[in-house]
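Listed here are the chains, written in short residue letters.
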Amino acid sequence: ADGVDPGAVDAWIEAKLLESDPALDAALAANEAGGLPAIDVAPVQGKLLHLLARIAGARRILEIGTLGGYSTIWLARALPPEGRLVTLELEPHHATVAEANLARAGVADRCAIRVGPAADSLAALQEEAQAPFDLVFIDADKEGNVAYLRAALVLSRPGTVIVVDNVVRAGGVLDPASDDPRIIGTRALYDAVAAEPRLSATALQTIGAKPWDGFLIALVTG
Ligand code: SAM
């Protein structure tokens, strides 16, 4: 319909299909109070991540880019009681806000926040040789996307689901001459995924409560 705001459609979908969760609302309020940028996933996207984790039967989840833990809560809520989630965050203040949000949501027991550059945390995870992750959500600095994808593959098994946020950037991803490092990083991600025989992938454009962007969803096949 003409003149309908995509944000209003998101609100309508939320009202129809999303359970109310005071902990998620409180997390967004705490993020705002703490001065964090409002660059969390939209509620309908959080529910998508949650459903993907449940569909995959995820018991171990890795998130790269915590912010205040909004997407972390959605993902952690998909875990069985013995499930574990590791989330990586560069900014100590973001991690502090996230810690309180995860505790308020009752999921702190199954979540660990590692503070520092994701590249370092990912290297440490590889050295620790833990069990592979069942789902990886990549949502940090977009310049790091290819390195994060490669690390995610090392930390995966056949059947692992890898999701990457912000892969459309209001169509900016079509511009091969862009000097925006986020677009360069995102275009390089598509090339890396396309060239990787162990991945089967697609990307979906998203718009609604948040500006026009997209999710890349990949399955590790071998
Ligand atoms: N996933 C979160 C959500 O939906 O609620 C949003 C994450 S936000 C888009 C990106 C986060 O990645 C920010 O908190 C930022 O500080 C963090 N970040 C940026 N560069 C990073 C790096 N090199 N290593 C780890 N985290 C990084």
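Residues numbered from 1 in each chain as written. Predicted model: local features only at pLDDT ≥ 70, side-chain atom pairs only at ≥ 80, totals over all residues.

For the protein, an unreviewed UniProt entry supplies the name O-methyltransferase and the organism Sphingomonas naasensis.

Caption draft 1: The overall build of the protein, seen in detail. When helices and strands are counted, the protein shows eight helices and seven strands. For 222 residues, the compact-globule formula gives about 17 Å, and the C-alpha radius of gyration of the protein, at 17 Å, lands near that figure. Taken along the three principal axes of its C-alpha coordinates, the protein extends 45 × 40 × 30 Å. A sequence separation of at least 24 residues applies to 71% of the contacts in the protein between residues at least 6 apart. (Helix = DSSP H or I, 4+ residues; strand = E, 2+ residues; numbered from the N terminus. Rg over C-alpha atoms; globule rule 2.2 N^0.38 Å. Contact = placed C-beta atoms within 7 Å.)

Caption draft 2: Local environment of the site of the ligand. Close contacts around the ligand come from 19 residues, with Asp40, Gly65, Tyr70, Ser71 and Ala118 the closest. Going through the elements one at a time, α4 (70-76) and β2 (84-89) are the ones with two or more residues in the shell around the ligand. In terms of residue class, the shell around the ligand is built from nine nonpolar, five polar and five charged. (Near = placed C-beta within 6 Å. Nonpolar A, V, L, I, M, F, W, Y, C, P; charged D, E, K, R; others polar.)

Caption draft 3: Molecular detail of helix α8 (residues 181-194). For α8, built from 14 residues, the straight-helix expectation of 20 Å at 1.5 Å per residue is met to within 8% by its first-to-last C-alpha distance of 20 Å. Where α8 is concerned, the buried positions are Ile183, Thr186, Arg187, Leu189 and Val193. In an axial view of α8, the angular spread of the buried residues amounts to 150°, which keeps them on one side of the axis. Opposite its buried face, α8 presents the exposed residues Pro181 and Asp191, each directed more than 90 degrees away. (Expected span 1.5 Å × (residues − 1). Buried ≥ 20, exposed ≤ 12 C-beta atoms within 10 Å, placed from the backbone. Arc of directions from axis to C-beta.)

Caption draft 4: Examining unusual backbone geometry more closely. Notably, Asn166 is not glycine yet its phi reads approximately 65°, a positive angle. Structurally, Asn166 is set in the loop between β5 (161-165) and α8. Phi is positive for Ala170, close to 55°, though the residue is something other than glycine. Locating Ala170 in the fold gives a position in the loop between β5 and α8.

Caption draft 5: How the structure looks around the pairing of β5. Counting buried positions along β5 yields five of five residues, so the element is predominantly enclosed. Neither face of β5 is open: one carries Val161, Val163 and Asp165, the other Ile162 and Val164, and all of them are buried. One ladder, built from four bridges, connects strand β4 (residues 135-138) with β5; its direction is parallel. Among the inter-strand pairings, Val136 is bridged to a residue of β5, identified as Ile162. Chirality of the crossover, the property in question, places the unit of β4, helix α7 (residues 145-154) and β5 among those that are right-handed. (Pairing = 2+ DSSP bridges. Right-handed = clockwise from strand over helix to strand, strands pointing away.)

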